[in-house]
Amino acid sequence: MRKLAAIILSSVLVLSLTACSNNRQGETATQAPSSTDAPASTPAAGDNESEESTVTEGTASDGNILIAYFSVPETDGVDTVAGASRVVVDGEVLGNNQYIAQLIQQEAGGDLFRIETVQEYPGSHDPLLEFAYNERAEDARPELATQIENLDSYDVIFLGYPNWNADLPMPLYTFLEEYDFSGKTIIPFTTHGGSGFSRTIQRIQELQPDAIIIEDGLSISRNSVPDAQSDVTEWVAGLNL
Ligand SMILES: Cc1cc2nc3c(=O)[nH]c(=O)nc-3n(C[C@H](O)[C@H](O)[C@H](O)COP(=O)(O)O)c2cc1C
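The notes below deal with the structure included here. (Residues numbered from 1 in each chain as written. Predicted model: local features only at pLDDT ≥ 70, side-chain atom pairs only at ≥ 80, totals over all residues.)

So, helix 7 (residues 229–238)
Then comes step 1: Taken together, the buried positions of helix 7 are V232, W235 and V236. Projected down its long axis, helix 7 carries its buried residues within an arc of 95°, all on one side. Structural note: helix 7 exposes S230, E234, A237 and G238 on the side pointing more than 90 degrees away from its buried face. (Buried ≥ 20, exposed ≤ 12 C-beta atoms within 10 Å, placed from the backbone. Helix = DSSP H or I, 4+ residues; strand = E, 2+ residues; numbered from the N terminus. Arc of directions from axis to C-beta.)

As for the site of the ligand
Then comes step 1: Close to the ligand lie 22 residues, the nearest being S71, S85, P162, G193 and S195.
Then comes step 2: Those elements that place two or more of their residues in the shell around the ligand are helix 3 (96–108), helix 4 (125–137) and strand 6 (185–192).
Then comes step 3: Its residues assigned to classes, the shell around the ligand comprises eight nonpolar, 13 polar and one charged. (Near = placed C-beta within 6 Å. Nonpolar A, V, L, I, M, F, W, Y, C, P; charged D, E, K, R; others polar.)

Regarding the pairing of strand 5 (residues 156–162)
Then comes step 1: For strand 5, a buried count of seven out of seven residues is recorded, marking the element as mostly surrounded by other parts of the structure.
Then comes step 2: Pairing analysis gives five bridges linking strand 1 (residues 65–69) to strand 5, with the strands arranged parallel. Looking at strand 5, one finds that I65 is bridged to V156. (Pairing = 2+ DSSP bridges.)

As for unusual backbone geometry
As a rule of thumb, non-glycine residues mostly have phi less than zero, and peptide bonds are mostly trans rather than cis.
Then comes step 1: A positive phi angle is found at D139, which is not glycine, with a value near 50°.
Then comes step 2: Here D139 shows up in the loop between helix 4 and strand 5.
Then comes step 3: What makes D139 exposed here is the crowd of 8 C-beta atoms within 10 Å.

So, in structure tokens, the structure goes:
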């Protein structure tokens, strides 16, 4: 009789231990993401989920941001206020998007990467217009002269370019066809003469269907480029990187 009681008792013990250990596994599985993925600043449960999935929290300080840009400073001719694509900073002539890229870096950190082509673009306005027009008419893919060395180490790619002929400049097509940004977040910015982004954000999405494209990109009129600092500061802050 005592033997039977001992068997029943040990069976009950084994069953309750199994139940306990199952519970712990369950707890660990639900707790793990919040303790490993989420830094202190992560929004509380119930906050906007899409924010978490589009821009990786706490990554700015991890140095995983790349600021890639294409920009053609018009070194000849009129100044920015009169409509040319250039800004002069400390005596250095910069393209409009080049300048905005530098401001973004000041705010967000990260590495700057200039998209350059083997064939140089004309430095004055009318020849540049003609050159770009022909490239677009030919649906050209200009060969790139600069390469990203370590794409794997970047999760967030700011991508800047001028609006050319209501489209992406053709070197951006080469760039977006050459690299695979699947799973990465692309944050577009542009400077323009009045057209804003046109349909370039949709174009980026078509060329990189598996990347996360932030549609709330930064669009700055070329006339406002020299005074863009506060707009850039505000926009970057709103991205919650
Ligand atoms: C070839 C070419 C085509 C352009 N086409 C447009 C256009 O369709 N719409 C627009 O708003 N601005 C257009 N612009 C103006 C540029 O978008 C603007 O000057 C921009 O700030 C240049 O940037 P960047 O200095 O970084 O190259 C064009 C400029 C060039 C040179």
